Amino acid sequence: PTVIAVLNQKGGSGKTTIATNLAHALKRDSYRVLLIDSDPQGSARDWNEASSGNIIPVVGLDRETLAKDLQAISQGYDWIVIDGAPQIAKLSAAAVKVADLVLIPVQPSPYDIWACADLVDIIAARREVTDGKPKAAFVISRAIKNTKLSGEINQALKDYGLPVLKASTTQRVVYPTTAAEGLTVFSDPSSDAAREINALKKEVLEVLK
Ligand code: ADP
Ligand code: MG
């Protein structure tokens, strides 16, 4: 399977929101998708239980043995989406190791962007020993509708040397309200929120080509 790790050591950056919604978008394309919850807080597991596991299978793997544990259970899936853990650098490093693509959700604020430095270092270190694997990109999370990113924000992201996806999520109440029921924005597949997640999925597929 292809492994997408949604990582950022900052809590509240949008990891679980993007991981659950992106996983569902892939499943709607008839792919077999497994969501790995690497956060010891278990948000993705809680999400899954809220809908009695009706959308995507979720497995908790929140130890540094992630790579080995994942190998044992990933057979039969087309995609593995890893919902990242906050703070724990060793878990992020373990996820970077198994990832084909690291998505870094980041809110368009300087504090959030500065907080990515450690993760970007972990990715760079991994790339040095693997000839450039994994791919990695920022995804703007919770953007305010109809506002352009400021030049400063764009520049700060560019300074990390990783691309910023064109797709983003905007601030919408439908993200927390659907999550509370263990669902995703595809509860209404024709909504603007569903459209932005589909755009994200499409861009992810292109990046991985
Ligand atoms: P993380 O997993 O990185 O800690 P979450 O995905 O849990 O971040 O998001 C943090 C909070 O922000 C949650 O309450 C979530 O529902 C909310 N949130 C995330 N993305 C959006 C969005 N695009 N619009 C509105 N609320 C959002
Ligand atoms: Mg989370």
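That block above? That's the structure.
Reading the values: rules and limits
Residues numbered from 1 in each chain as written. Chains lettered and ligands numbered in written order. Predicted model: local features only at pLDDT ≥ 70, side-chain atom pairs only at ≥ 80, totals over all residues. Heavy atoms only, no water. Buried < 20%, exposed > 50% of the residue type's maximum accessible area, 1.4 Å probe, protein only. Helix = DSSP H or I, 4+ residues; strand = E, 2+ residues; numbered from the N terminus. Contact = heavy atoms within 4.5 Å. Phe/Tyr/Trp six-rings, centres within 6.5 Å; stacked < 30°, edge-to-face > 60°.

J.: Tell me about helix α4 (residues 89–98), residues and numbers included.
T.: Every buried residue of α4 is listed here: L91, S92, A94, A95, V96 and V98. Lining the buried residues of α4 we find β1 (2–6), α3 (66–73), β4 (79–83), β5 (101–106) and α6 (117–130).

J.: Tell me what's going on with the packing of aromatic side chains, and back it up with residues and numbers.
T.: Per the stated rule, a full pass over the model turns up three aromatic pairs. Summarising the aromatic geometry, the rings of Y111 and W114 are spaced 5.7 Å apart at their centres and angled 80° between planes, so their arrangement reads as edge-to-face. Here the residue Y111 and the residue W114 both occupy positions in helix α5 (residues 110–114), the gap between them amounting to three residues, near one helical turn. Here the two residues Y111 and W114 agree in accessibility, since each one is exposed.

J.: How would you explain unusual backbone geometry if you had to name every residue and give the values?
T.: In this structure, the amide linkage connecting K133 to the following residue, P134, adopts the cis form with an omega of 0°. Of note, P134 is situated in the loop between α6 and β6 (135–140). Even without being glycine, S52 reaches a positive phi, approximately 55°. Inspection of the secondary structure puts S52 in the loop between α2 (43–50) and β3 (58–60). Taking relative accessible area as the criterion, S52 reaches 61% and is therefore assigned exposed. Even without being a glycine, N146 presents a positive backbone phi close to 60°. Along the chain, the position of N146 falls in the loop between β6 and α7 (151–158).

Purely spatial values, then, with no claim about function.
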